[in-house]
Amino acid sequence: MIWEIAYIVLFVVYVYTILTTILFLVMENRNPVKSIAWIFVLLFIPVLGFICYFLVGKKFRKKRIISKRSFRLLKTYEATANRDLSDLPLNERQLAIANLAVGNSDSPIFENNSISIYTNASKLYESIFEDIKNAKHHINLEYYIFIPDTLGRRMMEALKEKAREGVKVRVIIDDVGSWRFKKRHIKEMRDAGIEVENFLEVRLPYISSHVNYRNHRKIAVIDGLIAYTGGINIADRYIDGLDWGTWRDTHVRLEGSVVLGLQKTFFEDWYFVKQSLIEDQEYYPQPLKKGNVFMQTVISGPDMQWESIMQIYVLAFSLARKRIYIQTPYFIPPESLITVLQNAALSGVDVRLILPRKSDATVTLYSSYSFLDQMFKAGIKVYFYQPGFLHSKITIVDDDISFVGSANMDFRSFEQNFELNTIVYDKDVTGELISIYEEDLNNSVEVEERYWKVRSLKNRIKESLARLFSPLL
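Caption draft 1: Broad picture of the packing of aromatic side chains. Evaluated as defined, the whole model comprises 22 aromatic pairs. The interplanar angle of 15° and the centroid separation of 5.6 Å between the aromatic rings of Y313 and F317 together place this pair among those described as stacked. Within this pair, Y313 and its partner F317 are both found in helix α12 (residues 308–319), separated by four residues, close to a single helical turn. Taking the relative accessible area as the measure of exposure, F317 reaches 1% and is therefore buried. Consider the rings of Y366 and Y369, whose centres lie 6.4 Å apart with planes at 85°: the pair is edge-to-face. Here Y366 and its partner Y369 are both found in helix α14 (residues 362–369), three residues apart, which amounts to about one turn of the helix. Here Y366 matches Y369 in class, with each residue buried. Taken together through their ring pairs, the aromatic side chains of Y238, W244, W247, Y330 and F389 make up a single cluster. Seen from the ring of W270, R170 lies directly overhead, with NZ or CZ sitting 5.9 Å from the centre.

Caption draft 2: Seen up close, unusual backbone geometry. Of note in the backbone geometry, D106 takes a positive phi value of approximately 55° without being a glycine. In this model, L200 sits at a positive phi of 50°, which is unusual for a non-glycine residue. Summarising the element assignment, L200 is placed in the loop between β5 (195–199) and α9 (207–210).

Caption draft 3: Examining the pairing of strand β10 (residues 293–300) more closely. Here β10 lies mainly inside the structure; eight of its eight residues are buried. The side-chain alternation of β10 yields two buried faces, one formed by V293, M295, T297 and I299 and the other by F294, Q296, V298 and S300. Two strands pair when backbone bridges link them, and strand β2 (residues 109–118) and β10 are joined in this way by two bridges, in the antiparallel orientation. Bridge assignment links F110 to a residue of β10, and that residue is M295. Pairing of β10 with strand β19 (residues 419–425), which is carried by seven bridges, proceeds in the antiparallel orientation. Across the sheet, residue V298 finds its bridge partner in β19, namely N421.

Caption draft 4: Local environment of a nonpolar patch on the surface. On the surface, L457, I461, L465 and L468 cluster together into a nonpolar patch covering about 390 Å² of accessible area. Along the chain, the position of L468 falls in helix α19 (residues 457–468).

Caption draft 5: Structural view of the nonpolar core. Core analysis: the largest hydrophobic core is formed by 54 residues, its most contacted members being F317, I324, L341, L372, I423 and Y425. Broken down by element, the residue count for this core peaks at seven residues, all from α12. I423 has contacts with I97, A101, F294, M295, Q296, V298, I312, I401, S402 and F403, leaving out every residue within four places of it along the chain. Within the second largest apolar cluster, 44 residues are counted, among which are I172, L200, Y283 and L441.

Caption draft 6: Focus on the confidence of the model for the protein chain. When pLDDT is averaged along the protein chain, the result is 86, and 79% of the positions lie at 70 or above. The low-confidence segment residues 63–73 (pLDDT under 50) makes 21 contacts with residues lying over four places distant or belonging to another chain.

Caption draft 7: Representation of helix α11 (residues 258–274) in the model. Helix length check: α11 (17 residues) gives 24 Å between terminal C-alpha atoms against 24 Å at 1.5 Å per residue, within 8%. Burial of α11 is extensive: 15 of the 17 residues sit out of reach of the surface. Directly after α11, the chain includes Q275, whose backbone phi takes a positive value near 55°.

Conventions we followed
Residues numbered from 1 in each chain as written. Predicted model: local features only at pLDDT ≥ 70, side-chain atom pairs only at ≥ 80, totals over all residues. Heavy atoms only, no water. Phe/Tyr/Trp six-rings, centres within 6.5 Å; stacked < 30°, edge-to-face > 60°. Helix = DSSP H or I, 4+ residues; strand = E, 2+ residues; numbered from the N terminus. Buried < 20%, exposed > 50% of the residue type's maximum accessible area, 1.4 Å probe, protein only. Lys NZ or Arg CZ within 6 Å of the ring centre and 35° of its normal. Pairing = 2+ DSSP bridges. Patch = residues over 30% accessible without salt bridge, like charges linked within 9 Å, V, L, I, M, F, W, Y side chains within 5 Å. Areas by Shrake-Rupley, 256 points an atom, 1.4 Å probe, with all protein chains shown as cover. Salt bridge = Lys/Arg side-chain N within 4 Å of Asp/Glu carboxyl O. Core = buried A, V, L, I, M, F, W, Y, C linked by side-chain atoms within 4.5 Å. Contact = heavy atoms within 4.5 Å. pLDDT = per-residue confidence, 0-100. Expected span 1.5 Å × (residues − 1).

Written out as structure tokens, the structure reads:
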């Protein structure tokens, strides 16, 4: 009798908790599709659904992670950045995108930059290690994944050596992405004089509010004069590949005034993890004129008012007249992106999408596949990359606008992760990226709609089930 009463009480408490959670979920006025998806999870996956919502479903309160005063102080070091775009030699499409990036991400135009593009992680890291070796004043690193394997140990030793030489070294790692970077590794680096901080540690009692919001940025800044960003983290797999294939990615090395944009982003994140504002002028040296490339650095995250990267993609795709080339490991687009891509393709723009044939995230891959029927319907060409895992995040619009950075084409990158993309307004750089994209096409197989339609019922069911969770992935 007692156990029956206890069971009834627990059942009533659970039902009350679920209904209350659903009420709060509805009152948040978030995207109805997401709300319905979470209600489905809460109602039909007892206990586990509530745990999932508790861990990853709660909405992050949008607030600045850095005070307005501190933000203004950081801005003062962007003297070489141009916020008055009217006199710049940009065409109408470029100016429209640049103005949006200024408005929704406070991203000025940086002039006189040079870019080196890397699609081979071994060559990339040889360049990074050479720049670290030559560092004279400071090194700032921020990575989603930092694994103390062969490459990671080499990086740790390189940084320790520079710290012993008197170079100031700061490192930010994401607490979830870098879960294999243990406390003993952090202690080892701190004992060598390196400042190391975890981004949003997942520890009780903060596990529910922190676990879902990850810092997915990849930033390296050396002496305030050289910067790296893109899709490559610090781990052996970016060089060695996976058991079933190679790892294909894209990263860039930057010189010029754009480095200040990445430096500012790093120090904003440093303020967040350390509550210490770096104001010294020596961290913002006058950049040399290294080229003639115009760029912007666009950040997004759950702390910002706007979903800036997604908004810029929507505008850029709507302005395309010749081509839209996308490659991304995870393709889970919101409705606005689906519509603008369909509109572009139906109006005669050459829209192409390269996805991995296999992935490191099976549910996400099946969810990506569930969107392909909508792509085929509008005449969008879809390709599966064959040699291994395509982790590259490249987007090309026409002949003179391109994007390289950390953001995937999915809900998580647009709304939940802290991301950074670079926008490049340059024909030569875009032409180089087009050549890289075409080389990837040669290593891919086009997915023909007539064959896609007759895929197995089993796969269709997997895709449909995965899609139900797409707003949550």
